[in-house]
Amino acid sequence: MFEVSQVKVYVSDGKEVVKGVSLSFSKPGIYVIMGPNGAGKSSLVNAIMGHQGYVVEGRIVLNGEDITKLPTHEKARKGITLAVQMPIEIEGVRVAEILTRIIKRFRGITKSEEASRLARELLSIVGLPEDFLYRYFMVGMSGGERKRLELVRVIAQKPKVALLDEPDSGVDVESMPLIARAIKKLRDEGAIVILISHQPRLFEYLEPDEVYVMYDGRIVLKGGLEVIKLIEEKGYTWIAQKSGGGKQP
Ligand SMILES: Nc1ncnc2c1ncn2[C@@H]1O[C@H](COP(=O)(O)OP(=O)(O)OP(=O)(O)O)[C@@H](O)[C@H]1O
Ligand SMILES: [Mg+2]
């Protein structure tokens, strides 16, 4: 069970960018958040993760425990992780080292060969070749490769809650099913996946359990796959007009 309750987020200049969002997830699944640029989607997930620069009000509760004020590394240890939009390069540390360490730490695997085998398997899920294991983490990788490797890093952690901030942006058409496969793997391993996306194409390969639309810092619409189709046809402005900027459904 993962719950955010009446969450407000303020950024560095004191501006309120998330204006009271409440969401509750009782079982593993794929929960999509859509919304126009600047709606507050990234701010919401960064604030949930406890990243610097975001002041949070409200409550974030994981399996009955209030984790609102925990530092990021504590949240990670409790099973929350965020796939960021632009993963950073780590010079001098190879992908294999990072993945095997994460796998050992979060999956209770002790044998190095077993951890390496799993690292290779996870790379293959997103269609990255094995020789990526020997490259420095994210260094010199293309935008799409980074997104895919970031998903591998998230899966390696076997999270309870996976926050994915546009894992499909900058990914080519043919790699879209691979991204979908990685997201399904997360869900199948028991994660509540909170997926921010702008791309209806991803949902040709992925059935969301619920879809939320965020607009001007608020959740203004909730539904299923039909919401994604509606947005594709009509955009966002009509929702704002209908909801009057409105109250959360
Ligand atoms: N550190 C900051 N200082 C000032 N404004 C900020 C800061 N971080 C975010 N904002 C503003 O907060 C609003 C929400 O930004 P956010 O990145 O959460 O949007 P988003 O919904 O993720 O948009 P996109 O779809 O473009 O990624 C924007 O208007 C943005 O400019
Ligand atoms: Mg964003």
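Residues numbered from 1 in each chain as written. Chains lettered and ligands numbered in written order. Predicted model: local features only at pLDDT ≥ 70, side-chain atom pairs only at ≥ 80, totals over all residues. Heavy atoms only, no water.

Trainee: Just checking my understanding: could you explain the overall build of the protein for this structure?
Mentor: Counting its secondary structure elements, the protein contains eight helices and twelve strands. Rg of the C-alpha trace for the protein: 18 Å, near the compact-globule value of 18 Å for 249 residues, within the 12% margin. Projected onto its principal axes, the C-alpha positions of the protein cover 55 × 40 × 35 Å. Residues counted as buried form 50% of the 249 residues belonging to the protein. Excluding contacts between residues fewer than 6 apart, the proportion of contacts in the protein whose partners are at least 24 apart in sequence is 66%. Split by element, the accessible area of the protein, about 11,500 Å² in all, is 48% carbon and sulfur. Charge centroids of the protein, computed over 36 positive and 32 negative side chains, lie 4 Å from each other. (Helix = DSSP H or I, 4+ residues; strand = E, 2+ residues; numbered from the N terminus. Rg over C-alpha atoms; globule rule 2.2 N^0.38 Å. Buried < 20%, exposed > 50% of the residue type's maximum accessible area, 1.4 Å probe, protein only. Contact = heavy atoms within 4.5 Å. Areas by Shrake-Rupley, 256 points an atom, 1.4 Å probe, with all protein chains shown as cover. Lys, Arg positive; Asp, Glu negative; His and termini not counted. Charge placed at Lys NZ, Arg CZ, Asp CG, Glu CD.)

Trainee: How do you make sense of the site of ligand 1 when you look at a structure like this?
Mentor: Taken together, 15 residues are adjacent to ligand 1, and Gly 38, Lys 41, Ser 42, Ser 43 and His 198 come closest. Between an oxygen atom of ligand 1 and a side-chain N or O atom of Asn 37, the distance comes to 2.9 Å. The side chain of Ser 43 places a nitrogen or oxygen atom 2.6 Å from an oxygen atom of ligand 1. Burial of ligand 1 by the protein amounts to 66% of the accessible area it has alone, namely 640 Å². (Near = heavy atom within 4 Å. Polar contact = N/O pair within 3.5 Å; in protein donor to acceptor, adjacent residues only side chain to side chain.)

Trainee: Before we go on, may I ask you to explain helix 6 (residues 176-188) in this structure?
Mentor: The periodicity of an α-helix, 3.6 residues per turn, causes residues three or four positions apart to be oriented the same way. Taking 1.5 Å of rise per residue, 13 residues should cover 18 Å, and helix 6 covers 18 Å from first to last C-alpha, within 8% of that figure. Taken as a whole, helix 6 has its buried residues at Met 176, Leu 178, Ile 179, Ala 180, Ala 182, Ile 183 and Leu 186. On its buried side, helix 6 packs onto strand 3 (29-34), helix 4 (112-125), helix 5 (143-156), strand 9 (161-165) and strand 10 (192-196). Gly 190 occupies a position one or two residues after helix 6 and carries a positive phi of about 105 degrees. (Expected span 1.5 Å × (residues − 1).)

Trainee: Can you help me understand the packing of aromatic side chains in this one?
Mentor: Given two aromatic rings, one states the distance between the centres and the angle between the planes to describe the pair. All chains considered together, the criterion is met by three aromatic pairs. Relative to Tyr 31, the ring of Phe 25 lies with its centre 4.7 Å away and its plane at 50 degrees, an arrangement referred to as tilted. Taken individually, Phe 25 and Tyr 31 each receive the classification buried, so the pair is uniform in this respect. A ring pair is formed by Phe 25 and Tyr 212, whose centres lie 6.3 Å apart and whose planes are at 85 degrees; its orientation type is edge-to-face. With Phe 25 in strand 2 (residues 16-25) and Tyr 212 in strand 11 (residues 210-215), the pair connects residues that are 187 residues apart, well separated along the chain. For the residue pair Phe 25 and Tyr 212, the accessibility class agrees, reading buried in each case. Ring-pair connections join several aromatic residues into one group, and the members of that group are Phe 2, Phe 25, Tyr 31 and Tyr 212. Above the ring of Phe 132, the side-chain terminus of Arg 135 is found at 4.8 Å from the ring centroid. Positioned over the ring face of Trp 238 is Lys 234, at 4.3 Å from the centre of the ring. (Phe/Tyr/Trp six-rings, centres within 6.5 Å; stacked < 30°, edge-to-face > 60°. Lys NZ or Arg CZ within 6 Å of the ring centre and 35° of its normal.)

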